Amino acid sequence: MTVRLDSAPTTRRSLTAGIVLGASALLLVVTNAWGERLRDSYDLKLRYPPLYARPELHFGVATIAAFLVGAALVATLPKIAERAKWNVALAVAGLGSILWTVALNATRGLSMLWSPLETRHDSLNDVAAAHDPFAFLRDFNANFDSFTTHTRGHPPGFVFVLSMLDRIGLGGARPATFVCIVVAGVGVASVMVAVKDVAGEATARATLPFLVLAPAALTIGTSADAFFAGIGAVAVACIVRAVTRTRTRTRTR
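### Examining the overall build of the chain
Tallying secondary structure elements over the chain gives 12 helices and zero strands in all. Put simply, the chain runs from its N terminus to its C terminus through helices and strands in the order α-α-α-α-α-α-α-α-α-α-α-α. Oriented by its inertia axes, the alpha-carbon framework of the chain measures out at about 60 × 55 × 40 Å. Counting over 253 residues, the chain shows a buried share of 32%. Taking the contacts inside the chain whose residues are at least 6 apart along the sequence as the reference set, 71% of them involve residues at least 24 apart. Surface exposure of the chain reaches about 15700 Å², of which carbon and sulfur atoms provide 66%. Where the 25 positive side-chain charges of the chain centre and where its 16 negative ones centre are 12 Å apart.

Shown next as structure tokens:
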């Protein structure tokens, strides 16, 4: 099935895109300047406000590869969103998100995808504590201060996932990173499913390029937040589908 998306003339769309990009860049500059001033007055743990990051100029073969991947996605995603079958569009949304995430986060080497999960602050350090799930949950509050920052700040389910991976011989940061990226990709497709149920297929298709190339790709490859975001998106899509289908059945009776 082919779905034609309603669109403004090319000139108007280009102008709108330019305005949005310019406004986004200006917002980042303004918030950075504001954050720098606040950091001088308060003990803010932000190296580059409003982001927990630091500016670093890097250029190499992987950077060129990331640029080419991004350019290819920008050129092809709108056409796929408009012309591909719905199931194909969903698959492209998930796989495209995974591809862009890997390309963007691997500009300084593939190890940069999983190295943040190997720090002393991450949940991998608490895997041993979750080998007995019931004891882990029962004593979670009592042992709260002994857990890492990420375990204390997130639901304990991710630690269980890491523990199960460890039990089948897939422990460590690399399998954990794979799980995070894949679950996040599924979450991207789930967002399209939810939008379709609420606003129609044409609107859902129009979101495809934006979902794949969203700035969230910067953190999906380096944080368990991607796992929680993906699971959350799937849960929301299931709830939306259940509600909309219930309404449909009610109206047809």
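### Observations concerning the side chain of S163
Along the chain, S163 turns up in helix α7 (residues 157-167). When its relative accessible area of 2% is taken as the criterion, S163 is described as buried. Residues contacting S163, with those up to four places away along its chain left out, are V127, A130 and H131.

### A few points about helix α3 (residues 86-105)
Think of an α-helix as turning once every 3.6 residues; residues three or four places apart then point the same way. With 20 residues, α3 should reach 28 Å at 1.5 Å per residue; the first-to-last C-alpha distance of 29 Å fits that figure. Every buried residue belonging to α3 is among W86, A89, L90, A93, G94, G96, S97, W100, T101, A103 and N105, and all of these are buried.

### Quick notes on the packing of aromatic side chains
This structure, assessed with the given rule, holds eight aromatic pairs. A centroid spacing of 5.1 Å and a plane angle of 25° characterise the contact between F140 and F147, whose relative ring orientation is stacked. Every member of this aromatic cluster is reached through a ring pair, and the members are F136, F140, F144, F147 and F160.

### Observations concerning the pattern of salt bridges
In total, this model carries five salt bridges according to the counting rule given. The partner of D139 in a salt bridge is R138, with the nearest N and O atoms 3.4 Å apart. The class for D139 is partly exposed, based on a relative accessible area of 26%. Between K196 and E201 there is a salt bridge, with the nearest N and O atoms lying 3.9 Å from each other. K196 gets classed as partly exposed once you look at its relative accessible area, which sits at 26%. Through salt bridges that share partners, K196, E201 and R205 make up one connected network.

### Concerning the nonpolar core
The biggest cluster of nonpolar side chains holds 20 residues, and the ones touching the most others in it are L73, L90, A93, M192, L208 and V212. Listed by contribution, the elements that provide at least two residues to this core are α2 (61-83), α3, α8 (173-199) and α10 (208-212). Counting residues per element, this core draws most heavily on α3, which supplies six residues. Ignoring sequence-local partners within four residues, the contact set of M192 consists of W86, A89, L90, A93, A204, R205, T207, L208 and L211. Of all hydrophobic cores here, the second largest spans 19 residues; its members include F158, V161, A173 and A226.

Rules and cut-offs
Residues numbered from 1 in each chain as written. Predicted model: local features only at pLDDT ≥ 70, side-chain atom pairs only at ≥ 80, totals over all residues. Heavy atoms only, no water. Helix = DSSP H or I, 4+ residues; strand = E, 2+ residues; numbered from the N terminus. Buried < 20%, exposed > 50% of the residue type's maximum accessible area, 1.4 Å probe, protein only. Contact = heavy atoms within 4.5 Å. Areas by Shrake-Rupley, 256 points an atom, 1.4 Å probe, with all protein chains shown as cover. Lys, Arg positive; Asp, Glu negative; His and termini not counted. Charge placed at Lys NZ, Arg CZ, Asp CG, Glu CD. Expected span 1.5 Å × (residues − 1). Phe/Tyr/Trp six-rings, centres within 6.5 Å; stacked < 30°, edge-to-face > 60°. Salt bridge = Lys/Arg side-chain N within 4 Å of Asp/Glu carboxyl O. Core = buried A, V, L, I, M, F, W, Y, C linked by side-chain atoms within 4.5 Å.

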